[in-house]
Amino acid sequence: MRNRNVLISGASIAGPALAYWLDRYGFAVTVVERAPAMRPGGQAIDVRGPALDVAGRMGILDAARGLSTDLRGMSVVGQDGEELFRTTERTASGGDLASPDVEILRDDLAGLIAGAGGDRIEYLFDDSIAGLEQDGDGVRVIFHGGATRTFDLVVGADGLHSNVRRLAFGPEDAYLHHLGAHLGVWTAPNLLGLRRWQTIFPVPGSAWGAMAMSVRGDTELRVYMGFDSPEPVAYDPRDVRDQKRLLASRFADAGGEIPRLLETMRDAPDFHFDAMAQIRMDAWSAGRVALLGDAGYCGSPASGQGTSMAMVGAYVLAGELKAADGDHRAAFAAYEAELRDFVTANQRLAIANAARNRDRFATETGATEAGATELGMADAGEERMDDVHAVTNSYKLRDY
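Everything quoted here is computed from the prediction, not taken from an experiment.

With respect to the overall build of the protein chain
Line of reasoning, step 1. Scanning the protein chain from N- to C-terminus turns up eleven helices and 20 strands.
Line of reasoning, step 2. Against the compact-globule benchmark of 21 Å for 400 residues, the protein chain has a radius of gyration of 21 Å, which places it among compact chains.
Line of reasoning, step 3. Each of the three principal axes of the protein chain carries a C-alpha extent, and together these read 65 × 40 × 35 Å.
Line of reasoning, step 4. In the protein chain, which comprises 400 residues, the proportion classed as buried is 56%.

A few points about the confidence of the model for the protein chain
Line of reasoning, step 1. Chain-level statistics for the protein chain give a pLDDT mean of 91 and a share of 92% at 70 or above.
Line of reasoning, step 2. Under a pLDDT of 50 for its full length, residues 360-381 has, in the predicted model, 24 contacts with residues more than four places off or in other chains.

Some words on unusual backbone geometry
Line of reasoning, step 1. A positive phi is found at asparagine 3, a non-glycine position, where the angle reads about 50°.
Line of reasoning, step 2. With respect to the helices and strands, the residue asparagine 3 is situated in the segment before strand 1 (5-9).
Line of reasoning, step 3. With relative accessibility at 12%, the residue asparagine 3 sits in the buried group.
Line of reasoning, step 4. Here arginine 196, not a glycine, exhibits a phi torsion of approximately 50°, which is positive.
Line of reasoning, step 5. Owing to a relative accessible area of 32%, arginine 196 belongs among the partly exposed residues under this scheme.

Notes on the sheet that holds strand 17 (residues 220-228)
Line of reasoning, step 1. Taken in spatial order, the seven strands make up an open sheet running 5-4-15-16-17-14-18, and their pairing is mixed. The sheet is open, and its two edges are formed by strand 5 (83-87) and strand 18 (272-279), each paired on a single side. In this sheet, adjacent strand axes meet at a mean angle of 20° when their direction is disregarded.
Line of reasoning, step 2. Judged from the three bridges that link them, strand 4 (residues 74-77) and strand 15 (residues 198-202) form a sheet pairing that is parallel. Bridge pairing in strand 15 places methionine 74 opposite glutamine 198.

Here's the deal with the pattern of salt bridges
Line of reasoning, step 1. A full pass over the atoms with the stated rule returns 25 salt bridges.
Line of reasoning, step 2. Across the pair glutamate 320 and arginine 398 runs a salt bridge whose closest N-O atoms are separated by 2.9 Å. Of this pair, glutamate 320 sits in helix 9 (residues 306-323) while arginine 398 is found in the segment after helix 11 (372-392), placing the two residues 78 residues apart along the sequence.
Line of reasoning, step 3. The class for glutamate 320 is buried, based on a relative accessible area of 6%.
Line of reasoning, step 4. Taking the relative accessible area as the measure of exposure, arginine 398 reaches 36% and is therefore partly exposed.
Line of reasoning, step 5. Among the charged side chains, a network of salt bridges with common partners joins Asp107, Asp108, Arg216, Glu220 and Arg222.

Brief notes about the packing of aromatic side chains
Line of reasoning, step 1. Tallying each qualifying case throughout the model produces twelve aromatic pairs.
Line of reasoning, step 2. Look at phenylalanine 271 and phenylalanine 273: their rings are 6.5 Å apart centre to centre, the planes differ by 5°, and that puts the pair in the stacked class. Each member of the pair, phenylalanine 271 together with phenylalanine 273, is buried.
Line of reasoning, step 3. A network of ring pairs unites the aromatic residues Tyr20, Trp21, Tyr25, Tyr315 and Tyr400 as a single cluster.

Observations concerning the packing of helix 1 (residues 14-24) against helix 4 (residues 106-117)
Line of reasoning, step 1. In contact at an axis separation of 8 Å, helix 1 and helix 4 are set at 20° when each is read in the N-to-C sense. With respect to each other, helix 1 and helix 4 are oriented roughly parallel. Crossing handedness for the pair helix 1 and helix 4: left-handed. In this structure, helix 1 uses Pro16, Ala17, Tyr20, Asp23 and Arg24 to contact helix 4, whose residues at the interface are Ile113, Ala114, Ala116 and Gly117.
Line of reasoning, step 2. Looking at the contact of helix 1 with helix 4 residue by residue, the class counts come to six nonpolar, one polar and two charged.

Describing the environment of aspartate 270
Line of reasoning, step 1. Mapped onto the fold, aspartate 270 is located in the loop between helix 7 (258-265) and strand 18.
Line of reasoning, step 2. Sequence-wise, aspartate 270 and glutamine 79 are 191 residues apart; in three dimensions their C-alpha atoms are separated by 27 Å.
Line of reasoning, step 3. Setting aside its immediate chain neighbours within four residues, aspartate 270 contacts Pro40, Gly41, Val185, Trp186, Thr187 and Arg222.

Definitions and limits used
- Residues numbered from 1 in each chain as written.
- Predicted model: local features only at pLDDT ≥ 70, side-chain atom pairs only at ≥ 80, totals over all residues.
- Heavy atoms only, no water.
- Helix = DSSP H or I, 4+ residues; strand = E, 2+ residues; numbered from the N terminus.
- Rg over C-alpha atoms; globule rule 2.2 N^0.38 Å.
- Buried < 20%, exposed > 50% of the residue type's maximum accessible area, 1.4 Å probe, protein only.
- pLDDT = per-residue confidence, 0-100.
- Contact = heavy atoms within 4.5 Å.
- Pairing = 2+ DSSP bridges.
- Axes fitted to C-alpha atoms, helices over the stretch in contact; angles between N-to-C directions.
- Salt bridge = Lys/Arg side-chain N within 4 Å of Asp/Glu carboxyl O.
- Phe/Tyr/Trp six-rings, centres within 6.5 Å; stacked < 30°, edge-to-face > 60°.
- Parallel < 35°, antiparallel > 145°, perpendicular 65-115°, else oblique.
- Left-handed = near helix turned anticlockwise from the far one by under 90°.
- Nonpolar A, V, L, I, M, F, W, Y, C, P; charged D, E, K, R; others polar.

Here it is in structure tokens:
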């Protein structure tokens, strides 16, 4: 087999999933991750449609179901403490509770995937790629830690702000498309006493607000806060304190439980903040370098499909490399041909969801009937999930 030695940048979902499949197919795999260990925290994410099939083929589906958020419903609570809406049929983050989808914390799923990969996969933590030099025989990789190694292929699975994409394809501005909002998420003590439950705290006049959901046997909350931003806001992506100050300033006048939730943000060890955005590219490979998941085709959380695209993408990319006997030109072309329509449909879904939210709040902010906006939120959620499942059910995995 040609091009057996592969470097993957990023150890969240897409990177370890690709490492799993490449290892099974006889490739030698190294994963480099900037963090000192597997990253904690992150959103509750959804495994749907063909991604459930991928998880089943990896042997982790039952374990993922065992680690699911296991929510029993959601409510919407106004800033005066009045419950405006309640359902035990769905949640805002996971959708229809009767569906086969699995909602699981990002770090729990990442741990399952990495654990399934086994000992043959090399992980380099607390390091990253400083430079890439391609030639006809391989890719010379310069690491920030000082080492230099040569690999046959390099795959960027390093997220929305991919370093590999910047090095191999050019500046981020050429590919990133802002979707009009920013979102923060972190872990907090369960100070609300939620029991397998999710509560939304809307902010009047905004399409966003706060949401808290109980996780890990109701011992913790995952807290989300988002705000509208027609243009990207300026902040230091490496300065977590700066990001926390920015988010707190946007909710300075909010009432209800939001101030208490903001207090938990101060000491949160796993705070994450970023723009709602997509990555759109005409090609996902350049020579011996390819992109996977959010690095190449981020759909944004508005799609509800980031995890599914990452897992399916990893399965397809590894499968095409196997089918091409390591011929990267043929494999990368086949990978894109196989997935382009699926990715495009998911990205369109995110744009439709974002537009639906903006339009809904624009028409409902003047509603006088208590709870009208929140009931509209529930109706829109049903419509959104119908769209999501139409997209997921349109794609079937190939056998490799």
